[in-house]
Amino acid sequence: MAQEQPAGDGGTAPDPWDGVELDEEFVRAAETSEPSARARMLAARWRAEGPELQPWRADKPPAGWFFSRSRRRRRKG
C-alpha cells in the first residue's frame with residue numbers, strides 16, 4: 001500500500017518507505033519499554049493519592065475461602 005506524495009513540480013515523489021524492509025531480525029532486535037496497561041492505570045491512579053497500605057501477610061484467609069463449597073464437600077465426605 002505504498003502511497004505516493006505529491007512533488008512540488010506537479011509530479012509524484014516516491015514514498016521513502018518503499019525500500020525499507022522490516023525483517024524478523026529487525027523486529028526481534030527491537031527493545032520494548034512500554035509498561036503494561038495495568039501498570040499505566042495504577043501509575044495514573046497513584047499520582048493523585050498513594051496506594052492503600054496492605055499488610056505483608058494477612059491474618060485472615062481470602063474472602064469466601066473458609067465457607068466455600070469445595071471445602072464443605074471435603075469436610076462431609
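### Notes on the overall build of the protein
Turning to step 1, where the next piece is worked out: In terms of helices and strands, the protein carries three helices and two strands.
Turning to step 2, where the next piece is worked out: Within the protein, the proportion of its 77 residues that are buried is 3%.
Turning to step 3, where the next piece is worked out: Accessible surface for the protein amounts to roughly 8,300 Å². Of this, 53% is attributable to carbon and sulfur atoms.

### Quick word on a nonpolar patch on the surface
Turning to step 1, where the next piece is worked out: Nonpolar side chains collect at one region of the surface, where Trp17, Val20, Leu22, Phe26 and Val27 lie side by side and expose about 570 Å² of accessible area between them.
Turning to step 2, where the next piece is worked out: Positionally, Leu22 belongs in the loop between β2 (12-13) and α1 (24-29).
Turning to step 3, where the next piece is worked out: Here Leu22 falls in the exposed class, since its relative accessible area comes to 56%.

### Details of the pattern of salt bridges
Turning to step 1, where the next piece is worked out: Counting across every chain of the model gives two salt bridges.
Turning to step 2, where the next piece is worked out: For Arg28, the salt bridge is made with Glu24, and the minimal N-O distance between the two is 2.9 Å. Here Arg28 pairs with Glu24, and both are found in helix α1, just four residues apart, close to one helical turn. Neither Arg28 nor Glu24 differs from the other in exposure class; each is exposed.
Turning to step 3, where the next piece is worked out: Glu34 is paired through a salt bridge with Arg40; the nearest N and O atoms lie 3.0 Å apart.
Turning to step 4, where the next piece is worked out: Taking the relative accessible area as the measure of exposure, Glu34 reaches 64% and is therefore exposed.
Turning to step 5, where the next piece is worked out: Taking the relative accessible area as the measure of exposure, Arg40 reaches 40% and is therefore partly exposed.

### Overview of the confidence of the model for the protein
It should be kept in mind that the predicted coordinates are not to be read in detail where pLDDT is low.
Turning to step 1, where the next piece is worked out: When the pLDDT values of the protein are averaged, the result is 76; 58% of them are 70 or greater.
Turning to step 2, where the next piece is worked out: The weakest mean pLDDT in the protein belongs to strand β1 (residues 5-6) at 56; the strongest belongs to helix α2 (residues 37-48) at 92.

Cut-offs applied
Residues numbered from 1 in each chain as written. Predicted model: local features only at pLDDT ≥ 70, side-chain atom pairs only at ≥ 80, totals over all residues. Heavy atoms only, no water. Helix = DSSP H or I, 4+ residues; strand = E, 2+ residues; numbered from the N terminus. Buried < 20%, exposed > 50% of the residue type's maximum accessible area, 1.4 Å probe, protein only. Areas by Shrake-Rupley, 256 points an atom, 1.4 Å probe, with all protein chains shown as cover. Patch = residues over 30% accessible without salt bridge, like charges linked within 9 Å, V, L, I, M, F, W, Y side chains within 5 Å. Salt bridge = Lys/Arg side-chain N within 4 Å of Asp/Glu carboxyl O. pLDDT = per-residue confidence, 0-100.

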